[in-house]
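Descriptive structure summary
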Amino acid sequence: ATTTPATPAPVLKELDTITALGGVATGAAAFGGAGGAASATRLVLVSGACPRQGKDRRFPFPLHPTGLEVGGSEAAGAVIGNFSITIGFTLLMRVALEVLKHTGDQLLPSLFEGMDTQGMLRFPSAPLFIFQWLYQGTVLGAMILLLYPANTLHVVLGLVAMAVCVSVPVLLFRVVTRDVPSMAVYALDPEKQGWLQELVCGPGEWVSVGVDVHWVNRYASVTRSFVQRAVWFSVIEFAAAFALAAIGTLETSTLVGCGHVKLAMAAVFLILVVVEAVLWPCARPRDNMADFVTLGIQGAGLVLMAVGFYKGYDVKEHLTHHVAGLLFMASAVLLVVKGVVDLCTEAYVVLTGRRNRLQADAWQASSSLLMHDMCNVSVSTQPASAVTSPLSASVSRSRRSRLTSSLILPASTSMTGTGSSATFTSMRDWKRHEAVARGEMASKKFRNFQS
């Protein structure tokens, strides 16, 4: 059969306002993603006093919210407390996800039918946000336990924590490089924008390609802030936190040693500035500018602290330390302002419908190509330009090769598709076709629900 189906209506499987409010509630949208949390905890670590030998190591609240001590060790308490928060939050969201999956269709069938509930709840996006927020304190505590252990239990706990802190960024890098652009792409807005709008909101939005998995919402906190070529940049932020924790773990008995520690931290900030200048990773230009300013201010503050230590003055005993404190305070204010702007931007792109419009175009292009390929077993010669979505080219490159390769099989099974007669070569193809049909049905139900 070579029946070419009509172009389906946009598969609007989620009410974007509801999902955006869910993102704000979990904190991911309110602070510009996990990168905002990483910047805040990084500032807390580098602006602290120099670790001195023979003095108790105290963890500030952002690095160790529970304040727990285990066996007299605050480092062990930070590792256990931070892991408890992350695991507890993840399990709570998992339970909410399962409840929503089983009861959503019964409570509001017009809303939940065909919806990706995992994307709606921002899972695992929200747990990743919590993990990156607590990452700096966790890896610092793990390194202290390994370098200055009080007993064997500390070594074991430090090794376990270190294994988790290393493996999660590696797995995250593998996931995003595997799924982009096959599952998600950064779509440029075809409508004309003013320079201020493009500066603040960016030239486009991240959109999910598949009609059955809203990948962008699932990983929003660690991907939405970045351009497609640098979607993995959150791994660089993990690496910077790891390096700063390693430097901050070192204890010294002299002020000159403290100067070395602060200067090494300033070198990490300089490397970050160079990497950002080369990659220009943020999707919104103002985020790149804000990062340059905050990183520059914090690096200057660290250099001033190092100068004060080299001159033989401890914290708050010399003008250089006071100026450094003012710089760190200014950096904190800029981070708060950036968080407020992120929240306002999130509200703007939702209320103006830009994100929803671009996502609808993406699903339109994806479902059109999917149904076209499935209803033409001998692959049609219809040009990609027949799909009028701005995403047609990227969708064609990423999905068409996967779809068409699964269609060329030796045997075929005749089945009847929704709205047309088609021949499918495997049950998997039939299930994909049915997923598209469910998406169309959900679209109609959404329009009824909204009206």
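1. Some words on the overall build of the chain
Across its full length, the chain carries 17 helices and four strands. Long-range pairs, those at least 24 residues apart, make up 74% of the contacts in the chain between residues at least 6 apart in sequence.

2. Remarks on the pattern of salt bridges
Working definition: two side chains of opposite charge can pair if their charged atoms are close together. Following the criterion strictly, the structure yields 14 salt bridges and no others. With its nearest N and O atoms 3.1 Å apart, the salt bridge here joins Arg58 to Glu74. Of this pair, Arg58 sits in the loop between helix H2 (34-46) and helix H3 (74-107) while Glu74 sits in helix H3, placing them 16 residues apart in sequence. Under the relative-accessibility criterion, Arg58 is labelled exposed at 55%. Between Arg357 and Glu191 there is a salt bridge, with the nearest N and O atoms lying 3.6 Å from each other. Here Glu191 lies in the loop between strand S1 (184-188) and helix H8 (195-201) and Arg357 lies in helix H15 (residues 354-374), a separation of 166 residues in the sequence. A network of salt bridges, in which partner residues are shared, links Glu205, Glu346, Arg354 and Arg355.

3. Overview of the packing of aromatic side chains
Counted by the stated rule, this structure contains eight aromatic pairs. Consider the rings of Phe131 and Phe238, whose centres lie 5.9 Å apart with planes at 50°: the pair is tilted. Here Phe131 is found in helix H6 (residues 125-147), whereas its partner Phe238 is found in helix H11 (residues 233-249), with 107 residues between them in sequence. Exposure class is identical for Phe131 and Phe238. Each is buried. In this structure an aromatic cluster arises from ring pairing among Phe131, Tyr135 and Phe238.

4. Section: the side chain of Glu346
Topologically, Glu346 is positioned in helix H14 (residues 319-351). Under the relative-accessibility criterion, Glu346 is labelled buried at 6%. Within the structure, Glu346 has its side chain in polar contact with the side chain of Arg355 (distance 2.7 Å).

5. Concerning the state of the cysteines
Applying the stated criterion to the full structure yields one disulfide. Between the sulfur of Cys50 and that of Cys258 lies a disulfide, 2.1 Å long from S to S. Taking the sign of the S-S torsion, about -90° here, the bridge from Cys50 to Cys258 comes out left-handed. Taken together, the residues Cys50 in the loop between H2 and H3 and Cys258 in helix H12 (residues 255-279) connect sequence positions 208 residues apart. Accessibility assignment for this pair places Cys50 and Cys258 in one class, buried.

6. Looking at the packing of helix H7 (residues 152-179) against H11
The geometry of H7 relative to H11 is characterised by a closest axis approach of 9 Å and an angle of 160° between their N-to-C directions. As far as their axial angle goes, H11 and H7 are roughly antiparallel. In the crossing of H7 with H11, the sense of the turn from one axis to the other is left-handed. Across the interface between the two elements, Met162, Val166, Pro169, Leu172 and Phe173 of H7 pack against Ser234, Val235, Phe238 and Phe242 of H11. Looking at the contact of H7 with H11 residue by residue, the class counts come to eight nonpolar, one polar and no charged.

7. Considerations on the side chain of Ser331
Tracing the sequence through the fold places Ser331 in helix H14. Those residues in contact with Ser331 that sit more than four places away from it in its chain are Leu43, Thr294, Ile297 and Gln298.

8. Concerning H12
Helix length check: H12, at 25 residues, gives a terminal C-alpha distance of 36 Å against a target of 36 Å (1.5 Å per residue), a fit within 8%. For H12, the full list of buried residues reads Gly257, Cys258, Gly259, Val261, Lys262, Met265, Ala266, Val268, Phe269, Leu272 and Glu276. Downstream of H12 by a residue or two, Trp280 has a phi angle that is positive, lying close to 45°.

9. Here's the deal with a nonpolar patch on the surface
A cluster of nonpolar side chains, Val256, Leu263, Val303, Val307 and Tyr310, forms an exposed patch at the surface whose accessible area comes to about 360 Å². Taken together, the elements giving at least two residues each to the nonpolar patch come down to H12 and helix H13 (285-310). The topology assignment puts Val307 in helix H13.

10. Some details on the pairing of strand S2 (residues 204-208)
Among the five residues that make up S2, five are buried, leaving the element largely enclosed by the rest of the structure. For S1 and S2, the ladder comprises five bridges, and the chain directions are antiparallel. The residue bridging Tyr186 from the neighbouring strand is Trp206, located in S2.

11. A few points about the environment of Ala267
You can see Ala267 is positioned in helix H12. Between the alpha carbons of Ala267 and Leu302 there is a distance of 9.3 Å; along the sequence they are 35 residues apart.

12. A short note on H14
Counted at 1.5 Å a residue, the expected span for H14 with its 33 residues is 48 Å, and the 48 Å between its end C-alpha atoms agrees. Just downstream of H14 lies Gly353, where phi reads positive at about 80°.

13. Some remarks on the confidence of the model for the chain
Per-residue confidence for the chain gives a mean pLDDT of 77; residues scoring 70 or more make up 70%. Per-residue pLDDT, averaged within each element of the chain, yields its smallest value for strand S3 (residues 413-417) (37) and its largest for H7 (95). In the model, residues 1-32 has pLDDT below 50 throughout and makes 102 contacts with residues more than four positions away in sequence or in other chains. This model gives residues 377-428 a pLDDT under 50, and the stretch forms 89 contacts once residues within four places in sequence are excluded.

14. So, the packing of H6 against H7
At a closest axis distance of 9 Å, the pairing of H6 and H7 adopts a crossing angle of 145°. For the element pair H6 and H7, the recorded crossing hand is left-handed. Of H7, the residues touching H6 (which contributes Leu128, Phe131, Tyr135, Thr138, Val139, Ala142, Met143, Leu145 and Leu146) are His154, Val155, Leu157, Gly158, Leu159, Ala161, Met162, Val164, Cys165, Val168, Pro169 and Leu172. Tallied by class, residues from the contact of H6 with H7 come to 18 nonpolar, three polar and no charged.

Conventions and cut-offs
Residues numbered from 1 in each chain as written. Predicted model: local features only at pLDDT ≥ 70, side-chain atom pairs only at ≥ 80, totals over all residues. Heavy atoms only, no water. Helix = DSSP H or I, 4+ residues; strand = E, 2+ residues; numbered from the N terminus. Contact = heavy atoms within 4.5 Å. Salt bridge = Lys/Arg side-chain N within 4 Å of Asp/Glu carboxyl O. Buried < 20%, exposed > 50% of the residue type's maximum accessible area, 1.4 Å probe, protein only. Phe/Tyr/Trp six-rings, centres within 6.5 Å; stacked < 30°, edge-to-face > 60°. Polar contact = N/O pair within 3.5 Å; in protein donor to acceptor, adjacent residues only side chain to side chain. Disulfide = S-S within 2.5 Å. Axes fitted to C-alpha atoms, helices over the stretch in contact; angles between N-to-C directions. Parallel < 35°, antiparallel > 145°, perpendicular 65-115°, else oblique. Left-handed = near helix turned anticlockwise from the far one by under 90°. Nonpolar A, V, L, I, M, F, W, Y, C, P; charged D, E, K, R; others polar. Expected span 1.5 Å × (residues − 1). Patch = residues over 30% accessible without salt bridge, like charges linked within 9 Å, V, L, I, M, F, W, Y side chains within 5 Å. Areas by Shrake-Rupley, 256 points an atom, 1.4 Å probe, with all protein chains shown as cover. Pairing = 2+ DSSP bridges. pLDDT = per-residue confidence, 0-100.

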